[in-house]
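Results of the structural survey
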Amino acid sequence: MATNYLKIEEVPEALQKKVHQNLAFRTGNFVWRVKFSTPLNPSTVNATNMYLTSETGELLKTDIRYDAENSMIEVQPLEPYAEGVSYYLTITTKVRSRGGQRLKEPVKIKFNL
């Protein structure tokens, strides 16, 4: 059985049952996969509208990819996370569906290794 390698510290209450991890091995570059229920406008999937920060607010360099076939975004850090440091994955309301709909509120998930 896989061990949880991230400690998810804070999740908005409405998303608590939707945030989980499924890991087969450990790396210092955990890739977030965020699935949406509707296709997104690819031009809104970018490092301005979705990002990773350290607990001090420092922006991490990331590679953000959108899988249109599965309506899924992957956020991969380009540098390893430090153990014992808290980080935030933030998805702003500027991410939009193809029809122009926005998230009702931003998503901010706090985690650490």
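All values derive from a computational prediction rather than experimental measurement.

The rules behind these values
Residues numbered from 1 in each chain as written. Predicted model: local features only at pLDDT ≥ 70, side-chain atom pairs only at ≥ 80, totals over all residues. Heavy atoms only, no water. Helix = DSSP H or I, 4+ residues; strand = E, 2+ residues; numbered from the N terminus. pLDDT = per-residue confidence, 0-100. Phe/Tyr/Trp six-rings, centres within 6.5 Å; stacked < 30°, edge-to-face > 60°. Buried < 20%, exposed > 50% of the residue type's maximum accessible area, 1.4 Å probe, protein only. Lys NZ or Arg CZ within 6 Å of the ring centre and 35° of its normal.

1. A word on unusual backbone geometry
A positive phi angle is found at Ser71, which is not glycine, with a value near 50°. Here Ser71 is to be found in the loop between strand 4 (62–67) and strand 5 (72–77).

2. Focus on the confidence of the model for the protein
Across the protein, pLDDT averages 82, with 75% of residues at or above 70. For the protein, the element scoring lowest by mean pLDDT is strand 1 (residues 7–10), at 60; strand 3 (residues 50–54) scores highest, at 95.

3. Some details on the packing of aromatic side chains
On inspection of all chains with the given rule, the structure shows 4 aromatic pairs. Ring geometry for Trp32 and Phe111: centres 5.1 Å apart, planes at 65°, overall edge-to-face. On the criterion of sequence distance, the pair formed by Trp32 in strand 2 (residues 32–35) and Phe111 in strand 7 (residues 107–112) is long-range, its members being 79 residues apart. In terms of burial, Trp32 and Phe111 fall into one category: buried. Seen in terms of ring centroids, Tyr81 and Tyr87 are 4.9 Å apart; in terms of plane orientation they differ by 55°. Their pairing is tilted. You can call Tyr81 buried: its relative accessible area is 6%. The ring of Tyr88 carries Lys108 above its face, with NZ or CZ at 4.7 Å from the centroid.

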